Amino acid sequence: MSLPPLASGPHGPHALRPLLATVLDALEEGTRRRGGPLPAGGPRTVAAQVRDTLGDVLPEHGDPDALHTVVRTLAEGAADPAHPLCAAHLHCPPLATATAADLAASALNPSLDSWDQAPAASALETLVTRALARETGAADALVTTGGTEANQLALLLARETSGPVRLVCGAHTHHSLTRATWLLGLPPPLVLPTPRGTLDPAALHTTLTGLTEHVLVAATAGTTDAGLIDPLPRIADLCAGHRARLHIDAAYGGPLLFSDHHRTKLEGLERAHTITLDLHKLGWQPVAAGLLTVRDPHDLGALRHQADYLNADDDTEAGLPDLLGRSLRTSRRPDILKIAVTLKTLGRTGLGALIDQVCTHAHTLADLITAHPALELHAPPTISTVLFRPTTASDDTVAGIRRTLLHNGHAVLGRARLDGRLWLKATLLNPHTRPRDLTTLLNLVEGSTPP
């Protein structure tokens, strides 16, 4: 029996080339079979197709066609974020150059828990994280699996720096922050009402005035429901006046920094102690590509840990970098590679153009909704999220429209509850979307509305 080839080493590229052709053919075939933004038929139909095609997951003897079969099945049953009618979530279509770089990361398989497993990758991570940190006014940044891990780390660093800390946040705050208080054994958060969708500085001032404990205020730059941005300068002033620590969850809105037209929306971001960024949203990276920036590098001392086989004292003293303090994870893939390739390939101008494009799409869609007699716009978009609904529909009808579109495989729209009503949510992250695609989306919604 011959041994299967490896992806790296001197023979790795030769072994990968025919397999890449197989994968690309399977992706193309699966996409063609699907025919739309997601498979028709709903969860049971898709699960049955996967089950029937896959058969025995662990057969006695291997199947040489398994790569083509499984990839084709996954593509056929995928919700394709590159399809212009797939616009529900902060789920971006990844750039080809970033995806190609991710292949190299998988083939080389560096693990960023010790220098001798990732010599060049660790140096690359240092350069790129510090460059991105400078963009936000911070000193350093950690690579995370996304906004959830970054938010959890922000609370952990606050606790380890200040002692027991009370989280103060708005009702619009991402669930990962409130869940992190439970995970870290912190007191229940003080959640302030946000009737207008953003944190009210007056309510925050009143709350902070009555607290004597250490406080972490969490603000948001790009809410998941409507893409709204809290009044960051005023919140930063209040935190400074009350000696409260400030964390800004900019998982969605952070990349606006790359746009000359939109970066002013993030004024005050640089005053945060920690900031969450997530480049697999408005950064067009394959999952995962999160970061946590830290203004005071001494805060990272809380993450220091020693395992003799990875960062022995004498190795560190001899000049081998200590990587364990860069994450709570041990084995860690080089997600920084795809980010580095994207930054270097597109530059600030290229990234800014993509951001401007999707923000323009959002305003175009908002204008189409405003001009449509049977549709209602919630508010002009702040970033690239648009909320709307049929004017006379009940909440049950709005929810039913979304599920009908999903079941038929016609479109993927999200949902958000604001102002006491349910809205359809279009999150536009595909820069290749055309105005006629947006018109098609609205026609599908109108056609799915009961008379």
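Everything numeric here is computed off the predicted structure, so don't read it as measured data.

Student: Is there a simple way to explain the sheet that holds strand S6 (residues 274-278) in this structure?
Tutor: Within a sheet, adjacent strands bond to each other through the backbone by hydrogen bonds, running parallel or antiparallel. Strands sit in the order S1-S7-S6-S5-S4-S2-S3 across an open sheet of seven strands; the sheet is mixed. Where the open sheet ends on each side, the last strands, each with one partner, are strand S1 (140-144) and strand S3 (190-192). Each strand axis lies, on average, 20° off the axis of its neighbour in the sheet, ignoring direction. Across five bridges, the pairing between S1 and strand S7 (residues 290-294) is antiparallel. Its bridge partner lying in S7, Asp140 is registered against Val294. Along the sheet face, helix H7 (residues 175-183) touches strand S2 (165-170), strand S4 (214-220) and strand S5 (245-249) and points at about 160° away from the line of S2. Relative to S3, helix H8 (residues 201-209) is tilted by about 155°, and along the sheet it contacts S2, S3 and S4.

Student: Which parts of the structure should I look at to understand the side chain of Asp102?
Tutor: The residue Asp102 is located in helix H4 (residues 96-108) in this model. Judged by relative accessible area, which is 14%, Asp102 ranks as buried. Discounting chain neighbours no more than four positions away, the residues touching Asp102 are Pro286, Arg333 and Lys338.

Student: Where do I start with H7 in this structure?
Tutor: Working note: α-helix, 3.6 residues per turn, so residues spaced by three or four point in the same direction. Considered for burial, the residues of H7 that qualify are Ser176, Leu177, Ala180 and Thr181. Looking straight down H7, one finds its buried side chains confined to an arc of 150°; they lie on one side. Looking at H7, the residues exposed on the side facing more than 90 degrees away from the buried face are Arg179 and Trp182. Elements in contact with the buried residues of H7: helix H6 (147-162), S2, S4 and S5.

Student: Please clarify how the environment of Leu6 should be interpreted in this entry.
Tutor: Mapped onto the elements of the fold, Leu6 is located in the segment before helix H1 (12-34). Residue Leu6 is classed as exposed on the basis of its relative accessible area, which comes to 66%. Each C-alpha atom, one on Leu6 and one on Leu16, is 8.4 Å from the other, the two residues being ten residues apart in sequence.

Student: Would you explain the nonpolar core in this entry?
Tutor: Ranked by size, the top nonpolar core spans 54 residues in total, and within it Leu204, Val217, Leu246 and Ile248 carry the most contacts. Elements supplying a minimum of two residues to this core: helix H5 (119-135), S1, H8, S4, helix H9 (232-241), S5, S6 and helix H12 (336-371). Broken down by element, this core gets its largest block of residues, eight residues, from H12. In this view, Ile248 contacts Ala219, Ala221, Leu232, Gly268, Leu269, Ala272, Thr274, Ile275 and Thr276; residues no more than four positions away in its chain are not counted. Grouped together as the second largest cluster of nonpolar side chains are 23 residues, Ala87, Leu428, Leu438 and Val445 included.

Student: What is the right way to look at the sheet that holds strand S9 (residues 385-390) in this model?
Tutor: Taken in spatial order, the four strands of this open sheet run S8-S9-S11-S10, and their pairing is antiparallel. The sheet is open, and its two edges are formed by strand S8 (375-377) and strand S10 (414-418), each paired on a single side. Adjacent strand axes in the sheet meet at a mean angle of 40°, parallel and antiparallel pairs treated alike. As paired strands, S8 and S9 are joined by three bridges and run antiparallel to one another.

Student: What's the story with the packing of helix H2 (residues 42-54) against helix H3 (residues 66-76) in this structure? I'm lost.
Tutor: The geometry of a pair of packed helices is captured by two quantities: the angle between their axes and the separation between those axes. At their nearest, the axes of H2 and H3 sit 10 Å apart, and the two run at 175° to each other. With respect to H3, the axis of H2 lies roughly antiparallel. The segment H2 lies against H3, with Val50, Thr53 and Leu54 engaging Thr69, Val70, Arg72 and Thr73. Among the residues making up the contact of H2 with H3, the classes are represented as three nonpolar, three polar and one charged.

Here is what the cut-offs are and how they apply
In this numbering scheme, every chain counts its residues from 1 along its sequence in written order. Given that the model is predicted, a residue must reach a pLDDT of at least 70 before its local features are reported, and side-chain atom pairs must reach 80 or more before they are shown or counted; all residues, however, enter totals for whole chains, interfaces and linings. The side-chain quantities take in all heavy atoms of the structure and omit both hydrogens and water. Each pair of strands is called paired provided DSSP finds at least two bridges between the two strands. The helix and strand labels rest on DSSP assignments: H or I over at least four residues marks a helix, E over at least two residues marks a strand, and numbering proceeds from the N terminus. Only the stretch in contact is used when a helix axis is fitted, and all axes are lines through C-alpha atoms; the angle between N-to-C directions ranges over 0 to 180 degrees. Between two residues, a contact is recorded if the distance between any of their heavy atoms is within 4.5 Å. For every residue, the accessible area (1.4 Å probe, protein chains only) is compared with the maximum for its type, and the residue is labelled buried under 20%, exposed over 50%, or partly exposed between those bounds. Here the arc refers to the directions that run from the helix axis out to each C-beta atom. Put simply, a nonpolar core is a bunch of buried Ala, Val, Leu, Ile, Met, Phe, Trp, Tyr and Cys residues held in one set by side-chain atoms that sit within 4.5 Å of each other. Note on terminology: angles under 35 degrees are roughly parallel, angles over 145 are roughly antiparallel, angles of 65 to 115 are roughly perpendicular, and the others are oblique. Under this grouping Gly is polar, as are all residues other than the nonpolar Ala, Val, Leu, Ile, Met, Phe, Trp, Tyr, Cys and Pro and the charged Asp, Glu, Lys and Arg.

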